[in-house]
Amino acid sequence: MQEEKKRFIQEFVPGKQVTLSHLIANPDDDLFNKLGITQAGSIGILTLTPSETVIIAADLATKAANVSIGFLDRFTGSLVLVGSVSEVEMAMQQINVFLSAQLGYTSSRITKS
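Not measured: the values here are computed from a predicted model.

Caption draft 1: Main features of the pattern of salt bridges. All chains considered together, the criterion is met by 2 salt bridges. Between D59 and K63 there is a salt bridge, with its nearest N and O atoms 3.1 Å apart. Of this pair, D59 and K63 both sit in helix α2 (residues 53-64), separated by 4 residues, roughly a single helical turn. We classify K63 as exposed; its relative accessible area is 66%. A salt bridge links E89 to K112; the shortest N-O distance between them is 2.8 Å. Of this pair, E89 sits in helix α3 (residues 85-103) while K112 sits in strand β5 (residues 111-112), and the two are 23 residues apart along the sequence.

Procedures and definitions
Residues numbered from 1 in each chain as written. Predicted model: local features only at pLDDT ≥ 70, side-chain atom pairs only at ≥ 80, totals over all residues. Heavy atoms only, no water. Salt bridge = Lys/Arg side-chain N within 4 Å of Asp/Glu carboxyl O. Helix = DSSP H or I, 4+ residues; strand = E, 2+ residues; numbered from the N terminus. Buried < 20%, exposed > 50% of the residue type's maximum accessible area, 1.4 Å probe, protein only.

Listed below in structure tokens is the structure:
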């Protein structure tokens, strides 16, 4: 008796979420050089889904604190913020709070290294 093969089809359906919020305080100069961004004290890294959310997040960050956008990719949902540790943290907090409270996103705890 021949066994029937089963086929499974999986789809990835991203939710509305901040999947990563990490603050690198006082990174080495070499890290800034490798990333191709101007040294500014600290680096904030966020990953968001859907990916277009980075546009909203970048706007929120620059209005909430004195930070610069080191990198933004609307296709992958990656956002890199640069500035002082306190300013980058404030911007990241504002992004998490607004997306959660106003748009129903699942936020992410801000981790630090």
